Amino acid sequence: MPSEPTTETPPRSPAATRVLSGIQPTGRFHWGNYFGAIRQYIELQSAGDAYYFIADLHALTTVRDPARLRGLVHDAAVDLVALGLDPSRATLFVQSDVPEVTELTWLLMTVCPMGLLERCHAYKDKKSRGLPADAGLFTYPVLMSADILAYDATVVPVGEDQVQHIEVCRDLAGTFNHLYGEVFTLPKPRLVEGGARVPGTDGQKMSKSYENTIEVFEDLAAQKKKIMRITTDSRPMEQPKDPEGDHLFDLFSLMAAEADRLKMAELYRRGGFGYGEIKKALVEAAADFFADARRRRDEIVADAGRIEAILADGATRARRQAGDVLDRARVACGLARGGQGGRG
Ligand code: TYM
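Small disclaimer: the values here were computed from a predicted structure and weren't measured.

To continue, consider the overall build of the chain. Check the secondary structure of the chain and you find 14 helices and five strands. Taking 344 residues into account, the globule formula puts the C-alpha radius of gyration at 20 Å, and the chain, at 22 Å, falls close to it. Dimensions of the chain, computed from the C-alpha atoms along their principal axes, are close to 80 × 50 × 40 Å. Counting the 344 residues in the chain, one finds 49% classified as buried. Looking at the chain alone, contacts between residues at least 24 apart form 77% of all its contacts between residues at least 6 apart. By element, 52% of the accessible surface of the chain is carried by carbon and sulfur atoms, the whole surface being about 16,600 Å². Taken as two groups, the 43 positive and 48 negative side-chain charges of the chain have centres that lie 2 Å from each other.

What follows is about the pattern of salt bridges. Tallying each qualifying case throughout the model produces 16 salt bridges. Between D49 and R18 there is a salt bridge, and its shortest N-O distance comes to 2.9 Å. Taken together, the residues D49 in strand β2 (residues 49-54) and R18 in strand β1 (residues 18-23) connect sequence positions 31 residues apart.

In this structure the tally under the stated criterion is one cavity of 30 Å³ or more. Here the largest cavity defines a volume of roughly 30 Å³. Tallied by class, residues from the lining of the largest cavity come to three nonpolar, one polar and three charged.

Glancing now at unusual backbone geometry. Of note, the phi angle at D152 is positive, near 50°, even though the residue is not glycine. Positive phi is not limited to glycine here, since E211 has a value of about 50°. Positionally, E211 belongs in the loop between β5 (188-190) and α9 (220-228).

As a further point, take the domain arrangement of the chain. When cut into domains, the chain gives domain 1 (18-197 + 303-333) and domain 2 (218-289). Here the C-alpha centre of domain 2 lies 34 Å away from the C-alpha centre of domain 1. Opposite the five residues of domain 1 that make contact, domain 2 presents eight residues. Together domain 1 and domain 2 conceal approximately 530 Å² of surface at their shared face, both sides included; 82% is due to carbon and sulfur atoms.

Turning our attention to the site of the ligand. Surveying the vicinity of the ligand reveals 27 residues, the closest of which are Q24, Y140, D147, D161 and V198. Contacts to the ligand include D161, whose side-chain N or O atom sits 2.4 Å from an oxygen atom. Protein chains shield 95% of the accessible area of the ligand, which is 710 Å² for the free molecule. When residues of the shell around the ligand are traced back to their parent elements, those giving at least two are β1, α1 (31-44) and α7 (135-149). Its residues placed into classes, the shell around the ligand shows 12 nonpolar, 11 polar and four charged.

Moving on, we get to the nonpolar core. Counting 62 residues, the largest nonpolar core has W31, I38, Y52, L80, L83, I278 and L282 as the members making the most contacts within it. The dominant element in this core, judged by the number of residues it contributes, is helix α3 (residues 66-82), at nine residues. The two domains that each donate at least three residues to this core are domain 1 (18-197 + 303-333) and domain 2 (218-289). Leave out the neighbours within four places in its chain, and Y52 touches V19, S21, Q40, Y41, L44, Q45, L85, A90, T91, L92, F93 and P157. Core analysis: the second largest hydrophobic core is formed by 43 residues, L107, Y123, I166 and F176 among them.

It is worth spelling out the layout of surface pockets at this point. Of the volumes computed, that of the largest pocket is approximately 1,300 Å³. Contributions of two or more residues to the lining of the largest pocket are made by β1, α1, α6 (121-128), α7 and β4 (155-157).

In this section: the pairing of β2. Side chains on a regular strand alternate between the two faces of the sheet. Most of β2 is tucked away, with five of its six residues classed as buried. Where β1 meets β2, six bridges bridge the pair, whose relative direction is parallel. The residue bridging G22 from the neighbouring strand is F53, located in β2. The sheet contact formed by β2 and strand β3 (residues 90-94) spans five bridges and is parallel. In the sheet register, I54 faces β3, and the bridge partner there is V94.

Turning next to the packing of α3 against helix α14 (residues 304-333). Look at α3 against α14: their axes get within 10 Å of each other, and the N-to-C directions meet at 95°. Compared by their axis directions, α3 and α14 come out roughly perpendicular. Of the residues in α14, those touching α3 at H74, A77, V78 and V81 are A304, R306, I307, E308, I310 and L311.

For the structure on display, the rule yields 17 aromatic pairs. Where F249 meets Y268, the ring centres are 5.5 Å apart and the plane angle is 65°; that geometry is what we call edge-to-face. Residue F249 is found in helix α10 (residues 247-255), and its partner Y268 is found in helix α11 (residues 258-270); the two are separated by 19 residues along the sequence. Its end group placed over the ring of Y275, K241 keeps NZ or CZ at 5.4 Å from the ring centre. Between the NZ or CZ atom of R297 and the centre of the ring of F217, over which it lies, the distance is 5.5 Å.

The rules behind these values
- Residues numbered from 1 in each chain as written.
- Predicted model: local features only at pLDDT ≥ 70, side-chain atom pairs only at ≥ 80, totals over all residues.
- Heavy atoms only, no water.
- Helix = DSSP H or I, 4+ residues; strand = E, 2+ residues; numbered from the N terminus.
- Rg over C-alpha atoms; globule rule 2.2 N^0.38 Å.
- Buried < 20%, exposed > 50% of the residue type's maximum accessible area, 1.4 Å probe, protein only.
- Contact = heavy atoms within 4.5 Å.
- Areas by Shrake-Rupley, 256 points an atom, 1.4 Å probe, with all protein chains shown as cover.
- Lys, Arg positive; Asp, Glu negative; His and termini not counted.
- Charge placed at Lys NZ, Arg CZ, Asp CG, Glu CD.
- Salt bridge = Lys/Arg side-chain N within 4 Å of Asp/Glu carboxyl O.
- 1 Å grid on protein atoms, 1.4 Å probe; cavity = no way out; pocket = protein on both sides within 12 Å on 5 of 7 lines; lining within 4 Å.
- Points joined across faces, edges and corners; volume = space filled by probe spheres on them.
- Nonpolar A, V, L, I, M, F, W, Y, C, P; charged D, E, K, R; others polar.
- Domains from an automatic or database assignment.
- Buried area = accessible area lost by both parts, 1.4 Å probe.
- Near = heavy atom within 4 Å.
- Polar contact = N/O pair within 3.5 Å; in protein donor to acceptor, adjacent residues only side chain to side chain.
- Core = buried A, V, L, I, M, F, W, Y, C linked by side-chain atoms within 4.5 Å.
- Pairing = 2+ DSSP bridges.
- Axes fitted to C-alpha atoms, helices over the stretch in contact; angles between N-to-C directions.
- Parallel < 35°, antiparallel > 145°, perpendicular 65-115°, else oblique.
- Phe/Tyr/Trp six-rings, centres within 6.5 Å; stacked < 30°, edge-to-face > 60°.
- Lys NZ or Arg CZ within 6 Å of the ring centre and 35° of its normal.

Here it is as structure tokens:
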């Protein structure tokens, strides 16, 4: 039975499209990050109000070297801008620059059943591999929920591996709203066909933890070596092959022009060609596909102050928005006294 809200919640403006997503600075971005998520960020930055952040608080569960973390955060911002994220359209910021989100995490933690987190795959995977998991990893989906809810996000562009976390977020938001009134906007994940689960060099999902990644801005010679070593099956050259579900073909499809993709599919079906051929084509397609981004990256790297200015401006804008939502949540659950609104 729905309970009555205990406090009056301030009125809300109707939800327009509000895009939000985050990415961990745990290493250089790989093709999975780009085709699953970053390409969507760029496409959606003109579709509505967009917020994108570098998830350094999340990264703390794996990166324990302070200087390395600082470097990775900076590189992540450089890479995102080089790949086309436009700070005049989207708000780009660093997660830890918005402390409102960590307070919101606590509020959500108080309505989060343990069982919900025990079912989450990042924690389950680590446990099943016998690795020690800390409370940061266990409660990670709650922080991620706060990340999303703090900005009234309606659309969250991600790869398939993040869908479960967005379900947790919807669950927690629903429970909080049920208890305290309509405080939070419920978000939806957005996935792209062909990019939701980009395969790595071994055919499994591309992921840093599987050591099967190809980085977007990797040195071209090193990238070529990696591509030429991608695992393939041992069917003889003359045998016709089905391109569907072949991870080399899937990777090629992400980067090649449609005409080249069709030609390659035809070669697969006809047989009489070796995997070396598609590997070479993939090396070229990847170099072409990211050539402009590489050029832009060189320019941005040369302009040291620019990235810091972008992130400082992004933090100001993000804090304003997250502060409003936190105020709403504080008032709703009874933390604010005497009609004083939220913080301060
Ligand atoms: P992270 O940093 O692991 O990955 C960033 C984004 O890249 C996507 N991705 C992939 N997509 C397709 N195929 C792949 N092989 C592949 N590998 C990674 C991820 O799905 C993700 O969209 N928990 C998040 C970061 C986060 C976040 C958030 C995301 C923190 N708070 C709030 C959205 C909203 C993560 O670890 O992503």
